[in-house]
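Below are the chains, spelled out letter by letter.
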Amino acid sequence: MQTLSTRLDHKRAANLMSLWADPAPTPLLERAYTPWTVLIKDETARMGLGAFKALGGIYAVANLCLGADAPRDVSLETIGTAAKGKTFVCASAGNHGMAVARGAKIFGAASRIHLSDTVPESFVARLEAEGATVIRSGATYEESIEAAIKDADSHGFIHLADGSWPGYTEPPRLVMEGYTVLAEEMRAVFEVSGDWPTHVFLQAGVGGMAAAIAQMIRANWAVQPMIIVVEPEAAPCLDEAVKAGRVVDVIGPVSNMGRLDCKTASMLAFEILRETADNYIQITDEEAQTAADVLEKLDVSKTTPSGAAGFAALRQMALPVSARPLIVVSEGAVT
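The structure contained in this document is the topic of the report that follows.

Calculation rules
Residues numbered from 1 in each chain as written. Predicted model: local features only at pLDDT ≥ 70, side-chain atom pairs only at ≥ 80, totals over all residues. Heavy atoms only, no water. Pairing = 2+ DSSP bridges. Helix = DSSP H or I, 4+ residues; strand = E, 2+ residues; numbered from the N terminus. Right-handed = clockwise from strand over helix to strand, strands pointing away. Buried < 20%, exposed > 50% of the residue type's maximum accessible area, 1.4 Å probe, protein only. Contact = heavy atoms within 4.5 Å.

**Things to note about the pairing of strand β4 (residues 110-115)**
At step 1: As judged from the six bridges shared by strand β3 (residues 87-92) and β4, these two strands associate in the parallel manner. Looking across to β4, one finds that Ser92 is bridged to Leu115.
At step 2: Taken together, β3, helix α4 (residues 95-107) and β4 constitute a β-α-β crossover, and its handedness is right-handed.
At step 3: Note: β4 against strand β5 (residues 133-136), four bridges, orientation parallel.

Rendered as structure tokens:
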């Protein structure tokens, strides 16, 4: 029986993405952080959007423009023709909205991005520069999702969320399929070097990136590491879902890890991670900010508490000296 996790096709994602993305992978750095050498996948310059989410949102826009009956030989012109008259709507904590807006801009569609009150104003200007219509919707990310759904349903627009729930799975599945490219870039390096990581730290909001990478690791990596999912103390939605055996809502204060401050996990991400992840760790706002500061001192691209969350978890774990940990710096500093 086919599982949800087996439906992520990294080869299809890489092939289609080659139409608009620089084929060069983002850097995989090594930094000495006593007593380990830390592997760091630096996503701060991905596709000029400053975050890994560029992989998912643009790819999903292209696929949703083409539809299920897409021709075998696809070009940018083909996608552009299919995109005419389409409007994409999503809620975002910032980076997913940027990816959806850029995808709409590339292919000639329109976009409407709903932001909660907690999203920095800097994202509004960036989104508008991509041609998006920006709507402030609610006090929380969850409220902005509700507003985006109502907006799409009321006007016949295409709702493109990066989280999933019963009855809504294909758009977020496509987003996650785009993220698999990140894992495959790392696997290609390790296949050549033979220096595989022993521990992989994956920060999670609704869980799309963590699930996509974890699925690729379990399916395709020759040497299997321990996979640790990292969440804010204020929003441990995946950990609580795994404990409950189902997706649950969590309650907590606003976190400085804005892109991870999600109180409800993606159903698809939960179903993959409960089969692939080994451990779940929560970190405080202070730990995340300190981790971002330390990474900058290690000559890593400037990032946010969200982007440094994996490193924050590494700093609190008592790994053996022989460990070779891997983290993902998932976004650049929001300015």
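**Topic: the environment of Ala54**
At step 1: The residue Ala54 is located in helix α2 (residues 54-66) in this model.
At step 2: In this structure Ala54 comes out as buried when scored by relative accessible area, which is 2%.
At step 3: For the pair formed by Ala54 and Ala21, sequence separation is 33 residues and the distance between their alpha carbons is 9.7 Å.
At step 4: Filtering out sequence-adjacent residues up to four positions away, Ala54 remains in contact with Arg46, Met47, Leu49 and Ala99.

**Description of the side chain of Ser330**
At step 1: Inspection of the secondary structure puts Ser330 in the segment after β10 (325-329).
At step 2: Those residues in contact with Ser330, other than ones at most four positions away along the chain, are Glu43, Gly50, Ala51, Phe52, Gln203, Met209, Ser306 and Gly307.

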